[in-house]
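Coordinates in review
Spelled out from the first residue to the last, the chains are:
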Amino acid sequence: MVKAVNDQWNANLYDQSHSFVSRYGKDLVQLLAPREKEKILDLGCGTGDLAYKIWTLGANVTGVDKSINMVEQARSKYEDITFDVKDATELEYKEEFDAVFSNATLHWVKPPEKALYCIYRSLKHDGRFVAEFGGKGNVQTITNEIISEIQAEGMEFKEIQFPWFYPSIGEYTTLMEIAGFRVTYAEHYNRPTKLDGEQGLKNWIKMFGGQLFSGIDEQQKQDIISRVENNLREVLFTEGNWHADYKRIRVVGKKEANINL
Ligand code: BEZ
């Protein structure tokens, strides 16, 4: 069971302003190609929109997320689907699912080896793991600028303040193989992502980037964000919207032998 503390996620704000996350994820559902009655785990289900999409295709889906706020919102939106609070590194399932699906989550999960071990163990023999998340260089234009503005204030930026894991295909598929998977597909691609309106970058930083500013007071944080906006306007702001430099990795792995159980 996951502790109910420090839930950074505002599920309503997520649904109102960041619904692009599940919109883009619909492509990944096609890659998953769920079949009727298959048991599927949606790992990092957020407020449940993709679990629902998978459920409408006839699969028996369970959604899990570390955030209680997200899980409560998912339960209130989709009463026919089971949603549970679980940490990707502490899953206790054993050979239960035909597929584990994960969209826009695994860049938050450390250590990745532990999550991959749990994912592999959750799958039935011949099960598949289909995932997409931030890859090497993801949103680097934005994070580099924030870090350099924090340092320009004379403050140290510690590695622990960086919340994400953005691997290359080489790094991640190697970890998948070590966990036991046969990797059948891997892609690393640019997906510039529109952040709506003048406030788009600021809203994104506030929604997702809080940890970058740990130990920094609110006024200093606002000042840094304003300078980041000024510095990046020329590169990331066009036609009334901000465009974040998302870079995704997308992978498929098969569980073909029970060597790691
Ligand atoms: C992503 O989906 O790549 C992402 C989302 C929020 C913060 C950082 C990365």
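Residues numbered from 1 in each chain as written. Predicted model: local features only at pLDDT ≥ 70, side-chain atom pairs only at ≥ 80, totals over all residues. Heavy atoms only, no water.

Thoughts on the overall build of the protein
The helix and strand tally for the protein stands at nine helices and ten strands. For 261 residues, the compact-globule formula gives about 18 Å, and the C-alpha radius of gyration of the protein, at 19 Å, lands near that figure. Taking the principal axes of the C-alpha coordinates as reference, the protein spans close to 55 × 40 × 35 Å. For the protein, with 261 residues in total, the buried portion stands at 52%. Pairs at least 24 residues apart make up 78% of the contacts formed inside the protein by residues separated by at least 6 positions. Computing the positive centroid from 32 side-chain charges and the negative centroid from 39, the protein places the two 4 Å apart. (Helix = DSSP H or I, 4+ residues; strand = E, 2+ residues; numbered from the N terminus. Rg over C-alpha atoms; globule rule 2.2 N^0.38 Å. Buried < 20%, exposed > 50% of the residue type's maximum accessible area, 1.4 Å probe, protein only. Contact = heavy atoms within 4.5 Å. Lys, Arg positive; Asp, Glu negative; His and termini not counted. Charge placed at Lys NZ, Arg CZ, Asp CG, Glu CD.)

Some words on the sheet that holds strand S7 (residues 193–195)
An order of S7-S9-S8 is seen for the three strands of this open sheet, with the pairing classed as antiparallel. The sheet terminates laterally at S7 and strand S8 (237–238), the two strands that pair on one side only. As paired strands, S8 and strand S9 (residues 241–244) are joined by two bridges and run antiparallel to one another. By the bridge assignment, Thr238 is partnered in S9 with Asn241. With respect to the sheet, helix H9 (residues 218–236) is in contact with S8 and S9, its orientation differing from that of S9 by roughly 85°. (Pairing = 2+ DSSP bridges. Axes fitted to C-alpha atoms, helices over the stretch in contact; angles between N-to-C directions.)

Looking at the pattern of salt bridges
Under the counting rule described, the total for this entry stands at 17 salt bridges. Measuring nitrogen to oxygen at the nearest pair gives 3.7 Å for the salt bridge that ties Asp84 to Arg75. Given the relative accessible area of 27%, Asp84 is considered partly exposed. In this structure, Arg250 engages Glu132 in a salt bridge whose closest nitrogen and oxygen atoms are separated by 2.5 Å. Separated by 118 residues along the polypeptide, Arg250 in strand S10 (residues 247–254) and Glu132 in strand S5 (residues 123–134) bring together distant segments of the chain. (Salt bridge = Lys/Arg side-chain N within 4 Å of Asp/Glu carboxyl O.)

Side note on the sheet that holds strand S1 (residues 39–43)
The strand order across the open sheet formed by seven strands is S3-S2-S1-S4-S5-S10-S6, and the pairing between neighbours is mixed. Two strands lie at the open edges of the sheet, namely strand S3 (82–85) and strand S6 (182–190), each paired on one side alone. Strand-to-strand twist in this sheet, taken as the mean axis angle between neighbours without regard to direction, amounts to 15°.

Regarding the site of the ligand
Taken together, the residues surrounding the ligand are His107, Trp108, Asn138, Trp164, Tyr166, Trp204, Phe208, Tyr246 and Arg248. In the model, an oxygen atom of the ligand is placed 2.7 Å from a nitrogen or oxygen of the Asn138 side chain. Out of a free accessible area of 260 Å², the ligand has 97% covered by protein chains. A class-by-class count of the residues in the shell around the ligand yields six nonpolar, two polar and one charged. (Near = heavy atom within 4 Å. Polar contact = N/O pair within 3.5 Å; in protein donor to acceptor, adjacent residues only side chain to side chain. Areas by Shrake-Rupley, 256 points an atom, 1.4 Å probe, with all protein chains shown as cover. Nonpolar A, V, L, I, M, F, W, Y, C, P; charged D, E, K, R; others polar.)

A closer look at the nonpolar core
The tendency in soluble globular proteins is for nonpolar side chains to be buried side by side. Core analysis: the biggest nonpolar cluster contains 30 residues, and Ile142, Ile146, Leu201, Trp204, Ile205 and Phe213 have the highest contact counts within it. Among the elements of the structure, helix H1 (11–17), helix H6 (140–152), helix H8 (200–208), H9 and S9 are those that each provide at least two residues to this core. In terms of nonpolar packing, the next biggest core, distinct from the first, is built from 27 residues, Ala115, Ala131, Leu175 and Met176 among them. (Core = buried A, V, L, I, M, F, W, Y, C linked by side-chain atoms within 4.5 Å.)

Let's talk about the packing of H6 against H9
As a packed pair, H6 and H9 sit with axes 10 Å apart at the nearest point and diverge in direction by 140°. Classified by the interaxial angle, the pair formed by H6 and H9 is oblique. Of the two possible hands of crossing, H6 and H9 adopt the one that is right-handed. Judged by residue contacts, Thr141, Ile142, Glu145, Ile146, Glu149 and Ile150 of H6 engage Ile224, Arg227, Val228, Asn231, Leu232 and Leu236 from H9. (Parallel < 35°, antiparallel > 145°, perpendicular 65-115°, else oblique. Left-handed = near helix turned anticlockwise from the far one by under 90°.)

Brief notes about the packing of aromatic side chains
The final tally for this structure, using the stated rule, is 16 aromatic pairs. Centre to centre, the rings of Phe162 and Trp164 are 5.4 Å apart; their planes meet at 90°, and the pair counts as edge-to-face. Ring geometry for Trp164 versus Tyr166: centroids 5.8 Å apart, planes at 20°, classification stacked. Exposure class is identical for Trp164 and Tyr166. Each is buried. Among the aromatic residues, ring-to-ring pairing joins Trp108, Phe162, Trp164, Tyr166, Trp204, Phe208 and Tyr246 into one connected group. Looking at Lys39, its charged tip hangs above the ring of Phe97, at a distance of 5.2 Å from the centre. (Phe/Tyr/Trp six-rings, centres within 6.5 Å; stacked < 30°, edge-to-face > 60°. Lys NZ or Arg CZ within 6 Å of the ring centre and 35° of its normal.)

Describing the state of the cysteines
Applying the stated criterion to the full structure yields zero disulfides. The thiol of Cys118 is not disulfide-bonded; the next cysteine sulfur, from Cys45, is found 16 Å away. Cys118 gets classed as buried once you look at its relative accessible area, which sits at 5%. (Disulfide = S-S within 2.5 Å.)

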